[in-house]
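Structural description and commentary
Here's the letter readout for the chains.
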Amino acid sequence: MFKINENYLKLPGSYLFSTIGKKIAAYTQEHPEKKIIRLGIGDVTQPLAPAIIDSLHHAVDEMANAETFHGYAPDLGYEFLRNAIAENDYRARGCDISSDEVFISDGAKCDSGNIQEIFSIDNKIAVCDPVYPVYVDTNVMAGRTGVYDANRGVWSDVIYMPCTAENQFVPEIPKEVPDIIYLCFPNNPTGSTLTKEQLQEWVDYANKVGAVIIYDAAYEAYISEENVPHTIYECDGARTCAIELRSFSKNAGFTGVRLGATIIPKEIKCGDVTLHSLWARRHGTKYNGAPYIVQRAGEAVYSEEGKVQLKKQVDYYMKNARVIYEGLKEAGYCVSGGINAPYIWLKTPKEMSSWQFFDYLLEHANVVGTPGSGFGPSGEGYFRLTAFGSYENTVKAIERIKKL
Ligand code: MLT
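Predicted, not measured: the structure shown is a model, and the values here were computed from it. (Residues numbered from 1 in each chain as written. Predicted model: local features only at pLDDT ≥ 70, side-chain atom pairs only at ≥ 80, totals over all residues. Heavy atoms only, no water.)

This part takes up empty space enclosed by the protein. One pass over the full model with this rule turns up 1 cavity of 30 Å³ or more. Of the pockets and cavities examined, the largest cavity occupies roughly 70 Å³. Forming the boundary of the largest cavity are I85, D89, A217, A218, E220, R246, S247, F248, N251, A261 and Y302. Contributing elements (two or more residues each) for the lining of the largest cavity: α4 (79-90) and β9 (242-247). For the lining of the largest cavity, the residue count by class is 6 nonpolar, 2 polar and 3 charged. (1 Å grid on protein atoms, 1.4 Å probe; cavity = no way out; pocket = protein on both sides within 12 Å on 5 of 7 lines; lining within 4 Å. Points joined across faces, edges and corners; volume = space filled by probe spheres on them. Helix = DSSP H or I, 4+ residues; strand = E, 2+ residues; numbered from the N terminus. Nonpolar A, V, L, I, M, F, W, Y, C, P; charged D, E, K, R; others polar.)

Written as structure tokens, this is what we have:
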């Protein structure tokens, strides 16, 4: 008789955004006349930039001819895209990353979930609290997190680094030494950032204790302030301790197209073994490469027109972020984020729990957000709104919230 991976049974409830999706579906079925505005999951709403569309069309036409047709992509990614990433995201910023340290994938979500596979089950992970749920849930599936305490919403073998208003939503070095540290900055969900000096402290710490940092840089295109690092490789010593995850979802609107990259410098080693070689082995075995047409679309992100068009797209969303931030402030909410990130983090009013506020907002304003407690216990009493809606809907949503 077959047996299942019982670690899956330890997972509480369904994935956060699936739960929210089900709640919206139930509400819409009951109230089909209501016009719901979705500012929950960070899904983009603006069309792909013209440079990307042109590149996609061209690549599709190539697939129609035997001479230019492409079958399986190279498992680690096409050279043209690996070069474009190494050049534009790293070397242009003075960071020493070579194209063969760039692994192309079909999105940062998969990579952030899969990367734990190349580490021993004995490793102890440290996560910010609140945190993007994929990091913890995938470690639960692997059996690395111990026992779940449903009352406190924590796992016995996970080190939580609370990010609260008291520490400006910036994690402190934990007392217990972790083996793997997940950091995401600009942060999802709080929208907070680290300065270069603060990130340097994490890199120095990881090198000192022999930990690996998994650095999720999905929101770097939204950085508007100086001294906020766009990549962890701006820090000295990051090449020996940091893996970086890059996404095309938020900087180029690829949530429905799917493209990502993971950077693993060859200097990160356990004894003589490089993490680079393990991830290459995994990629080669389990993955057949992101589609050619999508990688060509990714290349267009780095073209001169692409850069100009995408800067405009990011500005569009950041205008929404200002509408949310300022509107909620005027309405008396306690808000943060939204300056270097497309997420606004607010304290729920009247001591409501995160889920109570979710229901209240859905029912009375027909606006969907994300309950902070879905990201971890320190998110309780908080709520996240995304700037990825259309401008018109964002303005409408804030007007509705102001009237409550
Ligand atoms: C979010 O809303 O937190 C993200 O969009 C989810 C994701 O990127 O998977």
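Now that the structure has been shown, the text picks up again.
Here the residue pair D129 and P130 is connected by a cis peptide bond, since its omega of 10 degrees sits within 30 degrees of zero. Inspection of the secondary structure assignment puts P130 in the loop between β3 (125-129) and α6 (133-142). Of note, the bond from F185 into P186 is cis; its omega dihedral lies within 30 degrees of zero at -10 degrees. Tracing the chain through its elements places P186 in the loop between β7 (180-184) and α7 (196-209). Positive phi, normally seen in glycine, also occurs at R258, with a value near 75 degrees. For R258, the position within the fold is in the loop between α8 (249-252) and β10 (260-263). Taking relative accessible area as the criterion, R258 reaches 29% and is therefore assigned partly exposed. (Buried < 20%, exposed > 50% of the residue type's maximum accessible area, 1.4 Å probe, protein only.)

In this description, a pair of aromatic rings is defined by centroid distance and the angle of the planes. The full count for this structure, using the stated rule, is 24 aromatic pairs. Ring plane angle 80 degrees and centroid distance 5.6 Å describe the contact between Y316 and Y317, whose orientation is recorded as edge-to-face. Overall, the relative accessible area of 23% leaves Y316 in the partly exposed class. Ring centres 5.0 Å apart and planes at 80 degrees place the aromatic pair Y317 and F388 in the edge-to-face group. Of this pair, Y317 sits in helix α11 (residues 304-330) while F388 sits in the loop between β17 (382-386) and α13 (391-402), and the two are 71 residues apart along the sequence. The pair Y317 / F388 is uniform in exposure class, with both members buried. Connected via pairs of aromatic rings, a cluster forms that spans Y15, F17, F169, W345, F375 and Y382. (Phe/Tyr/Trp six-rings, centres within 6.5 Å; stacked < 30°, edge-to-face > 60°.)

What follows is about the side chain of T274. Looking at the secondary structure, you find T274 in strand β12 (residues 273-274). For T274, the contacting residues outside a window of four places in its chain are K266, I268 and K269. (Contact = heavy atoms within 4.5 Å.)

Once that is clear, we can look at the site of the ligand. Near the ligand the following residues occur: F17, I41, G42, K109, Y132, N188, Y219, K250, Y343 and R384. Side-chain polar atom of Y132 to an oxygen atom of the ligand: 2.5 Å apart, as the coordinates give it. Contacts to the ligand include K250, whose side-chain N or O atom sits 2.6 Å from an oxygen atom. (Near = heavy atom within 4 Å. Polar contact = N/O pair within 3.5 Å; in protein donor to acceptor, adjacent residues only side chain to side chain.)

For helix α9 (residues 275-286), built from 12 residues, the straight-helix expectation of 16 Å at 1.5 Å per residue is met to within 8% by its first-to-last C-alpha distance of 16 Å. Here α9 has its buried residues at L275, H276, W279, R282 and H283. Down the axis of α9, the buried set is contained in an arc of 130 degrees. They therefore lie on one face. Of the residues in α9, the exposed ones pointing more than 90 degrees away from the buried face are R281 and T285. Among the structural elements, β2 (102-105), α5 (108-114), β8 (212-216), β9, β10 and β12 are those in contact with the buried residues of α9. (Expected span 1.5 Å × (residues − 1). Arc of directions from axis to C-beta.)

As a further point, take α7. Given a rise of 1.5 Å per residue, 14 residues ought to cover 20 Å, and the 20 Å separating the end C-alpha atoms of α7 matches this to within 8%. Those residues of α7 lying buried are L199, Q200, W202, V203, Y205 and A206.

All told, the structure shown has 19 salt bridges when counted by the stated rule. The partner of K286 in a salt bridge is E117, and the shortest N-O contact between them spans 3.1 Å. Here K286 is found in helix α9, whereas its partner E117 is found in the loop between α5 and β3, with 169 residues between them in sequence. The class of E117 is partly exposed, set by a relative accessible area of 36%. For K402, the salt bridge is made with E330, and the minimal N-O distance between the two is 2.8 Å. Of the two residues, K402 sits in helix α13 while E330 sits in helix α11, which places them 72 residues apart along the sequence. Since its relative accessible area comes to 40%, K402 is described here as partly exposed. E330 sits in the exposed class, given a relative accessible area of 62%. (Salt bridge = Lys/Arg side-chain N within 4 Å of Asp/Glu carboxyl O.)

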